[in-house]
Amino acid sequence: MKRFVALPHKKYPIFIERGVLQQLGSLLTGIWSPRKIAVVSDHHVAPLYQERIVRQLEAAGFRTATFQVPSGESSKSWETAVQLYRSLTNNQFTRSDGVLALGGGVVGDLAGFIASTYMRGIAYIQVPTSLLAQVDSSVGGKTAINLDTAKNIVGTFHQPDAVFIDPDTLQTLPQRYICEGYAEIVKMSALEGGAFWQMTGEVHRPEDIVTQAEPLIHQSIAYKTKIVCKDEKESGLRQILNFGHTIGHAIELLSEGALAHGEAISIGMVQITQCFANYGLTKHGTLDGLVQRLQQTGLPLKSSLMSTADVYRQITNDKKNHGGRLTLVYLEAPGRPAMHSIPISQAELFLTGKKAPNSD
Ligand SMILES: NC(=O)c1ccc[n+]([C@@H]2O[C@H](COP(=O)([O-])OP(=O)(O)OC[C@H]3O[C@@H](n4cnc5c(N)ncnc54)[C@H](O)[C@@H]3O)[C@@H](O)[C@H]2O)c1
Ligand SMILES: [Zn+2]
């Protein structure tokens, strides 16, 4: 099945179907004219999927060059980016060629960044293979690399020409990453409410995530595209996708790798919902519904890091803070997200329950 991201300046298809990678070459001929394609992947994903992708592309009349980067966040770096630029020039890639990102969010963000800057921008497509990339990072056009400890600090908005999501690739994805990606699905279901919220209520065990992956991905993509189409560059509405991320990012960083992104977001969603529930701004039962969904799939709900002052220091340093204020996304109820802005100086008091909203 196909969905579309329809922005004022660009419309592109998202194919979501088990086995869709078997048709990648022929589907791509309907999108790209014959050209050279840089297939960028990482050391885990390339041995699993690269060869069959290359075979498909060549059978469909494309020429290919393959590039692999080490797996993991450290590849979202200047050093790796420069190596990839060099590989593209060494292989005489021009503005009319293309990049294919084959992998998780790391490869997607990195390859998207390369595509958006090489020769002032060349075309690219996303073939996300992790659950997180399939429901979140491959759609929306955000690309980035990290600088030292600052995550995603150098980046662009560059929309792909197409996204190909094959839930069958999840068969090889380690369980921890399945659960991590699922945290973002729960996030979107809480923001959307209704049938999507009910759907996550029926996922009782980690194994259910994979068996129900296709409808879960559909719902997530439908939700994310709706938000991105209304606010491509995160000037307003798109910020609600940061639900759970203010606290989540802070503890993810402080855990120094012990907590994966999705695990930290799980904790972030629970903590922020608890905070607003204590102030009476979140409907009774909302927190329980969230906790149940996350707990059943083995995601963490709290962290001892929450009791350290470092968390609040980290929160106040977040690059998303504007004009001395912090915008917190919370739920009035499932399907009713809201935003509350507080002065950064009051973040700790507010988040520890000591400063009620509008108590000035
Ligand atoms: N651009 C955006 O809008 C956006 C949104 C959310 C997250 N992100 C970024 O995404 C990144 C995290 O993405 P991620 O969780 O996919 O991490 P990742 O790319 O590191 O993938 C996780 C691990 O799974 C492996 N892997 C991926 N697919 C596999 C498969 N099918 N079989 C076996 N192994 C596989 C990878 O090699 C890696 O070891 C972060 O850098 C984050 O900043 C970007
Ligand atoms: Zn996230």
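Not measured: the values here are computed from a predicted model. (Residues numbered from 1 in each chain as written. Chains lettered and ligands numbered in written order. Predicted model: local features only at pLDDT ≥ 70, side-chain atom pairs only at ≥ 80, totals over all residues. Heavy atoms only, no water.)

Novice: Can you walk me through the overall build of the protein chain in this structure?
Specialist: If you tally the helices and strands in the protein chain, you get 14 helices and 11 strands. Its C-alpha atoms give the protein chain a radius of gyration of 20 Å, near enough to 21 Å, the size a compact globule of 360 residues would have. Principal-axis analysis of the C-alpha atoms gives the protein chain an extent of 65 × 40 × 40 Å. Per-residue burial over the protein chain gives 57% buried out of 360 residues. Within the protein chain, counting contacts between residues at least 6 apart in sequence, those at least 24 apart form 72% of the total. (Helix = DSSP H or I, 4+ residues; strand = E, 2+ residues; numbered from the N terminus. Rg over C-alpha atoms; globule rule 2.2 N^0.38 Å. Buried < 20%, exposed > 50% of the residue type's maximum accessible area, 1.4 Å probe, protein only. Contact = heavy atoms within 4.5 Å.)

Novice: Just checking my understanding: could you explain the sheet that holds strand 9 (residues 162–165) for this structure?
Specialist: Two pairing modes exist for strands in a sheet, parallel and antiparallel, and in both the strands are linked by backbone hydrogen bonds. Strand order across the open sheet formed by 7 strands is 1-2-9-6-5-3-4, with mixed pairing between neighbours. Each end of this open sheet is capped by a strand with a single partner; those strands are strand 1 (2–6) and strand 4 (63–69). Going across the sheet, the axis of each strand differs from the next one's by a mean of 20°, ignoring polarity. When strand 6 (residues 123–128) meets strand 9, the two strands line up parallel, connected through 2 bridges. (Pairing = 2+ DSSP bridges. Axes fitted to C-alpha atoms, helices over the stretch in contact; angles between N-to-C directions.)

Novice: Would you mind showing me how to read the side chain of H158 here?
Specialist: With respect to the helices and strands, the residue H158 is situated in the loop between strand 8 (150–157) and strand 9. Residues within four places of H158 in sequence aside, it is in contact with G112, A115, S116, I122, Y124, G141 and T143.

Novice: What is the right way to look at the pattern of salt bridges in this model?
Specialist: Side chains carrying opposite charge are able to pair once their charged atoms draw close together. Counted under the stated rule, the structure contains 14 salt bridges. For D168, the salt bridge identified is with R18, shortest N-O distance 2.7 Å. Here D168 is found in the loop between strand 9 and helix 6 (175–192), whereas its partner R18 is found in the loop between strand 2 (11–16) and helix 1 (24–29), with 150 residues between them in sequence. Among the charged side chains, a salt-bridge network with shared partners connects E73, K76, D109 and K151. (Salt bridge = Lys/Arg side-chain N within 4 Å of Asp/Glu carboxyl O.)

Novice: Just to check I follow, could you spell out the environment of T246 for this structure?
Specialist: For T246, the position within the fold is in helix 10 (residues 245–254). Assessed through its relative accessible area of 15%, T246 is described here as buried. In this structure, the C-alpha to C-alpha distance between T246 and A222, residues 24 residues apart in sequence, is 24 Å. In contact with T246, other than residues within four places in its own chain, are I315, L326, T327 and L328.

Novice: What's the story with the nonpolar core in this structure? I'm lost.
Specialist: Across soluble globular proteins, you tend to see nonpolar side chains buried next to one another. Counting residues in each nonpolar core, the largest one holds 70 residues, and the members touching the most others are I14, L131, Y182, I217, F243 and L351. Looking at which element gives the most residues to this core, the answer is helix 6, with 9 residues. Residues from two domains meet in this core; each of domain 1 (2–170) and domain 2 (175–352) gives at least three. (Core = buried A, V, L, I, M, F, W, Y, C linked by side-chain atoms within 4.5 Å. Domains from an automatic or database assignment.)

Novice: Help me understand the pairing of strand 4, please; the structure alone is not making it clear to me.
Specialist: Moving residue by residue along a regular strand, the side chains alternate between the two faces of the sheet. Bridge count for strand 3 (residues 36–42) against strand 4 is 7 bridges, and the pairing is parallel. Within the sheet, the bridge partner assigned to I37 lies in strand 4 and is T64. The β-α-β motif built from strand 3, the intervening helix 2 (residues 45–59) and the parallel element strand 4 has right-handed crossover chirality. (Right-handed = clockwise from strand over helix to strand, strands pointing away.)

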